[in-house]
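Take a look at the letters that make up each chain.
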Amino acid sequence: MAPLPEIRFKTPLHAFARTAVDFGGPFITVQGRGKRRQKRYLCLFTCLASRAVHLEVAFGLDTDSFLNAFYRMVNRRGLPKEMISDNGTNFVGANRELKELVALLDKDKIHNSISNQGIKWHFNPPLAPLILVVFTRQ
C-alpha cells in the first residue's frame, strides 16, 4: 500500500480545515406527495484529519450546483484551508470562479479580513484511483 499523503499529517486548525470532495449518484428523489421524481446528486465532503463526513444534495453536476453545495458546507463547517478533488469539470470550474471572485474583490479588504485567506485547491492526477479510498485506508 502506498504511504499516506503529507496533507493527512498537517495539524488542522479546526474540523474540515483540510477537506476532500467528491460526487455520488444520481439518486432519484421525490419531494412531497404527488410530485414528480427528480435526479439529484450527493456531494460528499470528508475531513482529512478526523474522517468526519458532511453530505450535501446537489441539483446537478455543473459548477453552479457544486458552488451552492460548497457554500452550504462552508456556512456550516467553516472555510477550509485546503481542498482536494479529482479533475472533474465542476471542481475545476469552481476553483476558477472562486479565484475570479477573489480577483474582483477589494485587495485591502481581503488582506484585513482573516476569514478571506483563500483556499489552496489540489487536484488528483487524471486516471488516478478514487481519492476518498486513498484517504480512508490506514
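Residues numbered from 1 in each chain as written. Predicted model: local features only at pLDDT ≥ 70, side-chain atom pairs only at ≥ 80, totals over all residues. Heavy atoms only, no water.

All right, on to the side chain of Glu-56 then. Looking at where Glu-56 falls in the secondary structure, it is placed in strand β3 (residues 53-58). Here Arg-72 takes part through its side chain, which lies 2.8 Å from a polar atom of the side chain of Glu-56. Apart from residues lying up to four places away in sequence, Glu-56 is in contact with Tyr-41, Leu-42, Cys-43, Phe-45, Ala-69, Arg-72 and Met-73. (Helix = DSSP H or I, 4+ residues; strand = E, 2+ residues; numbered from the N terminus. Polar contact = N/O pair within 3.5 Å; in protein donor to acceptor, adjacent residues only side chain to side chain. Contact = heavy atoms within 4.5 Å.)

Before going further, it helps to spend a moment on the confidence of the model for the protein. The predicted structure's coordinates, where accompanied by low pLDDT, should not be read in detail. Counting all residues, the mean pLDDT for the protein is 75, and 74% of those residues have values of 70 or more. Mean pLDDT per element in the protein: helix α4 (residues 131-136) is the minimum at 43, and β3 is the maximum at 93. A low-confidence stretch, residues 110-116 (pLDDT under 50), is modelled with four contacts involving residues beyond four sequence positions or located in other chains. Confidence drops under pLDDT 50 across residues 130-138; counting only partners more than four residues distant or on other chains, this segment forms 23 contacts. (pLDDT = per-residue confidence, 0-100.)

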